[in-house]
Amino acid sequence: WRGWEGAPYSTLVPSDEVTINYRHGLPVITLMLPTRSERCQFTVKPVVTTVGAFLQDVQREDKGIERAAVFATDGSKISDATLMEVLLMNDFKLVINNTAYSVSPPVKDKLSSEHATEMEDIKSLVHRLFVALHLEDHQIRKERELLQKLDHLKGELLPLEQMKARITDSADAKTSRLLWIGLALMSTQGGALAWLTWWVYSWDIMEPVTYFITYGSAMAFYAYFVLTKQDYIYPHAKDRQFLHYFYRKSKKQRFNVERYNKLKDDLAEAEESLRRLRQPLHLRLPIQELSDKD
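Cut-offs used in this document
- Each chain carries its own residue numbering, running from 1 in the written order of its sequence.
- Reporting in this predicted model follows two pLDDT cut-offs: at least 70 for local features of residues, and 80 or more for side-chain atom pairs to be given and counted; totals over whole chains, interfaces and linings ignore these cut-offs and use all residues.
- Hydrogens are left out, water is left out, and the side-chain values use all remaining heavy atoms of the structure.
- Note on aromatic contacts: the rings of Phe and Tyr and the six-membered ring of Trp form a pair at centre separations within 6.5 Å, being stacked when their planes are under 30 degrees apart, edge-to-face when over 60 apart, and tilted otherwise.
- The buried label goes to any residue with under 20% of its type's maximum accessible area, the exposed label to any with over 50%, and the partly exposed label to all in between, with areas taken from a 1.4 Å probe on protein chains only.
- Comment: elements are numbered from the N terminus, with helices defined as DSSP H or I runs of at least four residues and strands as E runs of at least two.
- Here the nonpolar core consists of buried residues drawn from Ala, Val, Leu, Ile, Met, Phe, Trp, Tyr and Cys, with membership extended through side-chain atoms lying within 4.5 Å.
- At least two DSSP bridges between two strands are needed for those strands to be called paired.
- Every axis in this analysis is a line fitted to C-alpha atoms, fitted for helices over the stretch in contact. Angles between the N-to-C directions lie between 0 and 180 degrees.

Student: So what's going on with the packing of aromatic side chains? Residues and values would help.
Tutor: For any pair of aromatic rings, geometry is given as the distance between the ring centres together with the angle between the planes. Counting across every chain of the model gives seven aromatic pairs. Ring centres 5.8 Å apart and planes at 85 degrees place the aromatic pair Phe246 and Tyr247 in the edge-to-face group. What makes Phe246 buried here is its relative accessible area of 8%. The exposure class assigned to Tyr247 is partly exposed, which follows from its relative accessible area of 46%.

This is the structure we're talking about:
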C-alpha cells in the first residue's frame, strides 16, 4: 500500500481500529486519535457532509495530525468533494499521517418502502429549504452579472447606433428623393400624352401609343415579380429600395450589420433575463429557468 507520494506507509492497521455504526439513521465513525491516544466518535450527515469536511473535522479534533486522506481499495485517492454517502457504500482506507486504517462500512438494513419514501420526502424538503435560504444571494449575484453585461453591450452599441442613425437618415433621404422623382416622371408622361393627344395628334393616333405604354408597364411589374418574388406594392418597393441604399452606404462606411444585429439580440436577451429575474425577486418566488435560444 502506497501513499499519495508513492512511498509505502509504515503501518497498515486492521479494520477493527476504525468502526462505523448507525445511530438514529446517521453513521457514527469511531477512530483512535494518534496524538491524544483516545477514541473519538464523529457523527456525519452522509447527504450533506463531504470527505473533505470529515477529514477537516478529524484534524481539528487532533492538532497532531499533519496529513489525512481517503483511498479506495485499489489505491486511487477519493476526492474531497465526494459525499460521505457515496464513500460509505464500499470499503476504503483512511490514512492518517503514516498509518493506513482499513475500513469496512456495515451494510445498512433495507428500509421499508414507507420509510424510504419518508426519507426521500425529508431529503427533498431539506433541499428546498437550502435553495430558499440561498436563493436571494444567488439572484442578487445573477442580477449584478446581468447589469454588468447590459452596460457592456450598451457601451459597444452606442457608436454603432450613432453610425446607423446617420446611414438611416441618408438612405431615407435618397428613397424619398427617388419617390418624388418617380412622381415627377409620371406627371411629365401624363402631360406629354395629353399635349400630343389634343394639340399635336388625334386620339386615333395616340390610343395605340397609350396601349403599348400600359402594356410595357405591366411587363415591368411582372419582371419585378420574377426578380424579387414579390408583388409590386408601393410600401414594399419603398422598403426594398431603402434597404438597398442602406446596405450600400453601410459597406462604404464599414458598418458591420451582422455584428450590430448580434449585439441587439444579446441586449434583448439580457433585458428579458433581467426582467424574468426581477419578478421572482419582488415576489420572493423561485426563479424561472432561463432557456437558451437556439
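Student: Please provide a residue-by-residue account of the environment of Gln41, values included.
Tutor: On the secondary structure map, Gln41 appears in strand β4 (residues 38-43). A relative accessible area of 44% places Gln41 in the partly exposed class. As for Gln41 and Ile29, which are separated by 12 residues in sequence, their C-alpha atoms are 5.6 Å apart.

Student: Give me the nonpolar core: which residues, what numbers.
Tutor: As a rule of thumb, soluble globular proteins bury nonpolar side chains together. Counting residues in hydrophobic clusters, the biggest one holds 24 residues, and the most contacted among them are Leu31, Phe54, Val70, Phe92 and Leu94. Of all the secondary structure elements, the ones that give two or more residues to this core are β3 (26-33), β4, α1 (51-61), β5 (68-72), α2 (84-87), β6 (92-96) and β7 (99-103). With four residues, the top contributor of residues to this core is α1. If you look at the next biggest cluster of nonpolar residues, it comprises 17 residues, including Phe246, Val257, Ala270 and Leu274.

Student: Explain the sheet that holds strand β2 (residues 19-23) residue by residue, including any values.
Tutor: Spatially, the three strands line up as an open sheet ordered β2-β3-β4, and their pairing is antiparallel. A strand with exactly one partner marks an edge of an open sheet, and here the two such strands are β2 and β4. Across the sheet, the axes of successive neighbouring strands diverge by a mean angle of 30 degrees, strand direction being ignored. With five bridges joining them, β2 and β3 adopt antiparallel strand pairing. Each residue of the ladder has a partner; that of Tyr22, found in β3, is Pro27.

Geometry only, nothing functional implied.
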